[in-house]
Amino acid sequence: VEHQITVCKSAIALENKSAVAKITNIGAPVNTGGSEYTPVFPSSENFMVFTYRGERSMGGKQILPNKADEKNGIYFEDIMISHKNERNLWTEPIPITSINTNGHDAVVHISHDGQKLFIYRNVGVGSGDIFMSKLDGANWGIPEKVKGINSNFWEGSVCLSPDEKTIYFSSDRQGGLGGRDIYFAQLMPDGSWGNVKNLGPEINTKFDEDAPFLSDDGQTLYFSSKGHPGYGNYDVYKSSFSNGNWSAPENMSQPINSAGNDVFLIQTNNNQNSYFSSYRPKGYGDMDIYKITYLNTFKK
């Protein structure tokens, strides 16, 4: 209750602050009456991979024992891909059948060259791990578990630094500040990840932090949080790296953030446009993918 009161106060304080940005639902055929989220792009931006859950899900509706949806079941996550055609429009998405299973398969990151796809898979009740699939010609290979960052707890989002020597990821493992935290690890000589560290109290709170994404120069971290001052649920924040430290997170403001869940912000290669996922009125279904076109910097 105290947290919800704090959220109300922060939303009032942020009411007159807005980002000079245009928010556009990217529409059909990508967004549907189901849920679409976590869009990722290679640097060429000639295709988009995203997570989908709805009527086309590979396993159909499934029932999880002792859950609120036990009677009707839920759709599990699948990974879809859409290409840009000659008119610069997104084509009808198709499932990546070499990756999808009857369980939860969600995309979380793609390397700049479009050759490595990082995915989330549920591997037990309340748990999940990060896997990676490599592109072999035109086909995605069988995903393999990423070494060094997975634990017996939940790991659900990752992103690579521009030089691919540091990985940032979210986890609810023990020893964090509370809920889901963002961690980072270094690339080891054998290709695994090691020297795992919590990103610290400047970024993490006793509530959930998730969906990290680094700018092309590695100096700006975008992430979603339920703990920093915002409009309610997940909001998107950014923090700058300077003199070895991350700055106090800045709420990305309206129209990007809302009272709903606003998550998975990523920038395209030219840093002019971003995409994120949100559930908000007048969408196509549950969560939709939106495009952000920045017109200027923040204004009061």
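Remember, predicted model here, so these are calculated numbers, not experimental data. All residue numbers refer to positions counted from 1 along the written sequence of the respective chain. In keeping with the model being predicted, local features are shown solely for residues with a pLDDT of at least 70 and side-chain atom pairs are shown and tallied solely at 80 or more, while totals for entire chains, interfaces and linings include all residues. As a convention, hydrogens and water are excluded, and side-chain values are obtained from all of the structure's heavy atoms.

Undergrad: Can you walk me through the overall build of the chain in this structure?
TA: Under the DSSP-based scheme used, a helix requires at least four consecutive residues in state H or I and a strand at least two consecutive residues in state E, with every element numbered from the N terminus. From N to C terminus, the chain includes one helix and 24 strands. Taking 19 Å as the expected radius of gyration for a compact globule of 300 residues, we find that the chain reaches 18 Å, a close match to that expectation. In terms of principal-axis extent, the alpha carbons of the chain reach across some 45 × 45 × 45 Å. Counting only residues that meet the buried cut, the chain has 51% of its 300 residues in that class. Every residue pair with non-hydrogen atoms within 4.5 Å of one another is taken to be in contact. A fraction of 49% describes how many contacts in the chain between residues 6 or more apart in sequence connect residues 24 or more apart. Two things to know: the radius of gyration comes from C-alpha atoms, and the globule rule equals 2.2 Å times the number of residues to the power 0.38. Only protein chains enter the accessibility calculation, which uses a 1.4 Å probe. A residue is then buried if its area is under 20% of the maximum for its type, exposed if over 50%, and partly exposed in between.

Undergrad: What is the right way to look at the pattern of salt bridges in this model?
TA: Salt bridges are defined by distance alone: a side-chain nitrogen of Lys or Arg within 4 Å of a carboxyl oxygen of Asp or Glu. Following the criterion strictly, the structure yields eight salt bridges and no others. A salt bridge links Glu 164 to Lys 116; its shortest N-O distance comes to 3.0 Å. Taken together, the residues span a long stretch of sequence, with Glu 164 in the loop between strand E13 (155–160) and strand E14 (166–171) and Lys 116 in strand E9 (residues 116–124) at a distance of 48 residues. A salt bridge links Asp 208 to Lys 226; its shortest N-O distance comes to 3.9 Å.

Undergrad: Sorry if this is basic, but what is going on with the sheet that holds strand E6 (residues 78–83) here?
TA: Paired through backbone hydrogen bonds, the strands of a sheet run either parallel or antiparallel to each other. The strand order across the open sheet built from four strands is E2-E3-E6-E7, with neighbouring strands paired in antiparallel fashion. Of all the strands in the sheet, just strand E2 (35–40) and strand E7 (94–95) have a single pairing partner and so form its edges. Relative to E7, E6 runs antiparallel, the two sharing two bridges. Across the sheet, residue Ile 81 finds its bridge partner in E7, namely Ile 94. Only strands joined by at least two bridges in the DSSP assignment are considered to pair.

Undergrad: Any chance you could explain the layout of surface pockets here in plain terms?
TA: In this approach the atoms are scanned with a rolling probe the size of a water molecule, which exposes any empty space left behind. Only protein atoms enter the calculation, which uses a 1 Å grid: trapped sets of points that fit a 1.4 Å probe without letting it out are cavities, open sets showing protein on both sides within 12 Å along at least five of seven lines are pockets, and any residue with an atom within 4 Å of a point is a lining residue. Grid points are joined across faces, edges and corners, and a volume is the space filled by probe spheres set on the points. Approximately 420 Å³ is the volume found for the second largest pocket. Met 132, Lys 134, Lys 145, Val 146 and Gly 191 are, among the 18 residues lining the second largest pocket, the residues nearest its centre. Looking at which element gives the most residues to the lining of the second largest pocket, the answer is strand E10 (residues 127–136), with three residues. Asp, Glu, Lys and Arg are counted as charged, while Ala, Val, Leu, Ile, Met, Phe, Trp, Tyr, Cys and Pro are counted as nonpolar; the rest, among them Gly, fall into the polar class. Counted by class, the lining of the second largest pocket contains seven nonpolar, four polar and seven charged residues.

Undergrad: Help me understand the sheet that holds strand E15 (residues 181–187), please; the structure alone is not making it clear to me.
TA: Read across the open sheet, the four strands follow the order E13-E14-E15-E16; overall the sheet is antiparallel. A single partner strand is all that each edge strand has here, and the edge strands are E13 and strand E16 (193–198). Averaged over all adjacent pairs, the angle separating strand axes in this sheet is 25°, with direction ignored. Note: E14 against E15, six bridges, orientation antiparallel. Each residue of the ladder has a partner; that of Phe 169, found in E15, is Tyr 183. In this description, a line fitted to the C-alpha atoms serves as the axis of each element, helices being fitted only across the stretch in contact, and the angle between N-to-C directions of two axes falls anywhere from 0 to 180 degrees.

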